[in-house]
Amino acid sequence: MDDELTLPPGIGPHNDRELELMLAGSKPMAMFSDALHVSDYFPDADFAPHVAAGTIIRVEEIIPRPPFEMRYLFFALPGEEWRIEEALIMSRNLCAGTVIDHDADSARMGELLGYSVEDIEAFLQHY
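*Asks:* Just checking my understanding: could you explain the sheet that holds strand 1 (residues 29–35) for this structure?
*Replies:* Hydrogen bonds along the backbone pair up the strands of a sheet, which may run parallel or antiparallel. Across the sheet, which stays open at both edges, the 3 strands sit in the order 1-3-2 with antiparallel pairing between neighbours. Of all the strands in the sheet, the pair left with one neighbour each is strand 1 and strand 2 (57–65). The sheet shows a mean angle of 15° between the axes of neighbouring strands, direction not considered. In the sheet, strand 1 pairs with strand 3 (residues 68–76) via 7 bridges, with the strands oriented antiparallel.

Shown next as structure tokens:
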């Protein structure tokens, strides 16, 4: 069974629409992550013209998480860079294994990404 087809409403409503929503001004930040050299889906090319034009800010960081390194790619609207800074701290803590309250961190990350309170609650109930 494909989990993506059976997710409850509110889970992942921004997935695959990040750039569209950011250009419309309704999503302040997008984040993509995976183990380094594992995922082919990092939308660098889609975002590149907007980064070059200065309409979207891009930050990438490789964070050690033994036995792998994790690649984190963030995009934010100008003026929303503070979201990337906070999300990077949270990502570093996750990789270091120092997160104390995963639900609280997940909720905060949802806020940083621009999800509604209802969508965040649906996510926390599902996972």
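Now that the structure has been shown, we can carry on.
*Asks:* Before we go on, may I ask you to explain the side chain of Lys-27 in this structure?
*Replies:* Locating Lys-27 in the fold gives a position in the loop between helix 2 (18–23) and strand 1. For Lys-27, which is buried and forms no salt bridge, the nearest opposite charge comes from Glu-18, at a distance of 5.8 Å. From its side chain, Lys-27 meets the backbone oxygen of Leu-113 in a polar contact 2.7 Å long.

*Asks:* Where do I start with the packing of helix 5 (residues 102–113) against helix 6 (residues 117–126) in this structure?
*Replies:* Think of two packed helices as two axes; the pair is described by the angle between the axes and how far apart they sit. With their axes 10 Å apart at the nearest point, helix 5 and helix 6 run at an angle of 145° to one another. As for the relative orientation of helix 5 and helix 6, their crossing is right-handed in sense. Two secondary-structure elements touch here, helix 5 through Asp-103, Ser-106, Ala-107, Gly-110 and Glu-111 and helix 6 through Ile-120, Phe-123 and Leu-124. Class assignment for the residues of the contact of helix 5 with helix 6 results in 4 nonpolar, 2 polar and 2 charged.

*Asks:* Would you mind going over the nonpolar core with me for this structure?
*Replies:* In terms of nonpolar packing, the biggest core is built from 18 residues, with Met-29, Tyr-72, Phe-74, Ile-84, Ala-87, Met-109 and Leu-112 touching the most fellow members. Listed by contribution, the elements that provide at least two residues to this core are strand 1, strand 3, helix 4 (81–96) and helix 5. By residue number, the principal contributor to this core is helix 4, which donates 5 residues. When sequence neighbours within four positions are dropped, the list of residues in contact with Met-109 reads Met-29, Met-31, Ala-87, Met-90 and Ser-91. Counting residues in hydrophobic clusters, the runner-up holds 10 residues, among them Met-22, Ala-30, Phe-47 and Leu-73.

Procedures and definitions
Residues numbered from 1 in each chain as written. Predicted model: local features only at pLDDT ≥ 70, side-chain atom pairs only at ≥ 80, totals over all residues. Heavy atoms only, no water. Pairing = 2+ DSSP bridges. Helix = DSSP H or I, 4+ residues; strand = E, 2+ residues; numbered from the N terminus. Axes fitted to C-alpha atoms, helices over the stretch in contact; angles between N-to-C directions. Buried < 20%, exposed > 50% of the residue type's maximum accessible area, 1.4 Å probe, protein only. Lys, Arg positive; Asp, Glu negative; His and termini not counted. Salt bridge = Lys/Arg side-chain N within 4 Å of Asp/Glu carboxyl O. Polar contact = N/O pair within 3.5 Å; in protein donor to acceptor, adjacent residues only side chain to side chain. Left-handed = near helix turned anticlockwise from the far one by under 90°. Contact = heavy atoms within 4.5 Å. Nonpolar A, V, L, I, M, F, W, Y, C, P; charged D, E, K, R; others polar. Core = buried A, V, L, I, M, F, W, Y, C linked by side-chain atoms within 4.5 Å.

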